[in-house]
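# Observations on the three-dimensional arrangement
Chain by chain, the residues:
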Amino acid sequence: MIVPTRIYRIALALGGLAMLAWLAWHNLADERALFVESTDGYAQRIDAARSWQYDDQGQLAYRLVSPTVTHLDEAERYRLESPETTLFDERPSPPWTLNADHGEVRDKGGVVDLQDNVIAHRDPFEETGRLELRSEAMRIHPNGRRAESRTPTRLSEIDADGAMRWTSDSERLDLDWAAEHLTQTGRVRDHIEPASTP
């Protein structure tokens, strides 16, 4: 009778070891799959990420929301999926909100690159209707309160009824929103809708 009990205990111990080995392999396999599949050698994925960046004076400069953020490398670059960035200003005007299909953050949040279907908008304020800016790529320097696009852009103003007041197309754009200074370069084409008369 001693032999079957001993065999039973050994079999139970081996079964437990096998289970531990399988769990360890399963966990490591998941980590290795993320490591290989997503970042070419460096892996950290963050879901439902929210980030707030402050300027040198302690004022909120921007908020960044992304469903998925992947840490790309040791240089502190992060890839963003479907990012939404909100740029705040010291003035009482509404913030600018930017959406894109993809993005990247680097230099400790000092540079935000947005790519593919970049749409920036600001809600109506005082006499100005909704402002909207469209581009395929835009680089934002939140601390310096500057933005730039080296791809064709369209800036437009839309009234409360949804009608276009004017559009301005350019090949390149530089915006210093702290100084309220916009520079468009390359071929610039403006179109102003005539005011409707009652």
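Residues numbered from 1 in each chain as written. Predicted model: local features only at pLDDT ≥ 70, side-chain atom pairs only at ≥ 80, totals over all residues. Heavy atoms only, no water.

### A look at the overall build of the chain
Tallying secondary structure elements over the chain gives 1 helix and 14 strands in all. A burial count over the chain gives 32% of its 198 residues as buried. Relative to all contacts within the chain whose residues are 6 or more apart in sequence, the contacts with residues 24 or more apart total 38%. Total accessible area on the chain is roughly 12,800 Å²; 54% of this is exposed by carbon and sulfur atoms. (Helix = DSSP H or I, 4+ residues; strand = E, 2+ residues; numbered from the N terminus. Buried < 20%, exposed > 50% of the residue type's maximum accessible area, 1.4 Å probe, protein only. Contact = heavy atoms within 4.5 Å. Areas by Shrake-Rupley, 256 points an atom, 1.4 Å probe, with all protein chains shown as cover.)

### Let's talk about the side chain of Glu 157
The residue Glu 157 is located in strand 10 (residues 153-158) in this model. On the basis of relative accessible area, Glu 157 is assigned to the buried category, the value being 8%. A polar side-chain atom of Glu 157 sits 2.5 Å from a polar atom in the side chain of Arg 165. Within polar-contact distance, the side chain of Glu 157 engages the side chain of Trp 166 at 2.5 Å. Ignoring anything within four residues of it in the chain, the contact list for Glu 157 reads Glu 127, Thr 128, Gly 129, Arg 130, Leu 131, Ala 163, Met 164, Arg 165 and Trp 166. (Polar contact = N/O pair within 3.5 Å; in protein donor to acceptor, adjacent residues only side chain to side chain.)

### Points about the pattern of salt bridges
On inspection of all chains with the given rule, the structure shows 13 salt bridges. Close ionic contact of Asp 113 with Arg 139 constitutes a salt bridge, the shortest N to O distance being 2.6 Å. In this pair, Asp 113 sits in strand 7 (residues 111-122) while Arg 139 sits in strand 8 (residues 130-141), placing the two residues 26 residues apart along the sequence. A residue is classified by how much of its surface remains accessible, and Asp 113, at 10% relative accessible area, is buried. With its nearest N and O atoms 3.1 Å apart, the salt bridge here joins Arg 150 to Asp 174. (Salt bridge = Lys/Arg side-chain N within 4 Å of Asp/Glu carboxyl O.)

### Examining the confidence of the model for the chain
Here the chain shows a mean pLDDT of 80. Residues at 70 or above account for 75%. Looking across the chain, the model is least confident in helix 1 (residues 2-38), with a mean pLDDT of 56, and most confident in strand 11 (residues 164-170), with 94. Per-residue pLDDT stays below 50 along residues 31-39; that stretch engages in 13 contacts with residues further than four places along the chain or on separate chains. (pLDDT = per-residue confidence, 0-100.)

### As for unusual backbone geometry
At Asn 117, a residue that is not glycine, the phi angle is positive and equals roughly 55°. Of note in the backbone geometry, Glu 180 takes a positive phi value of approximately 55° without being a glycine. Residue position: Glu 180 is located in the loop between strand 12 (172-176) and strand 13 (181-185).

### Some details on the environment of Ala 48
When you line up the elements, Ala 48 lands in strand 1 (residues 45-54). Ignoring sequence-local partners within four residues, the contact set of Ala 48 consists of Ser 66 and Pro 67.

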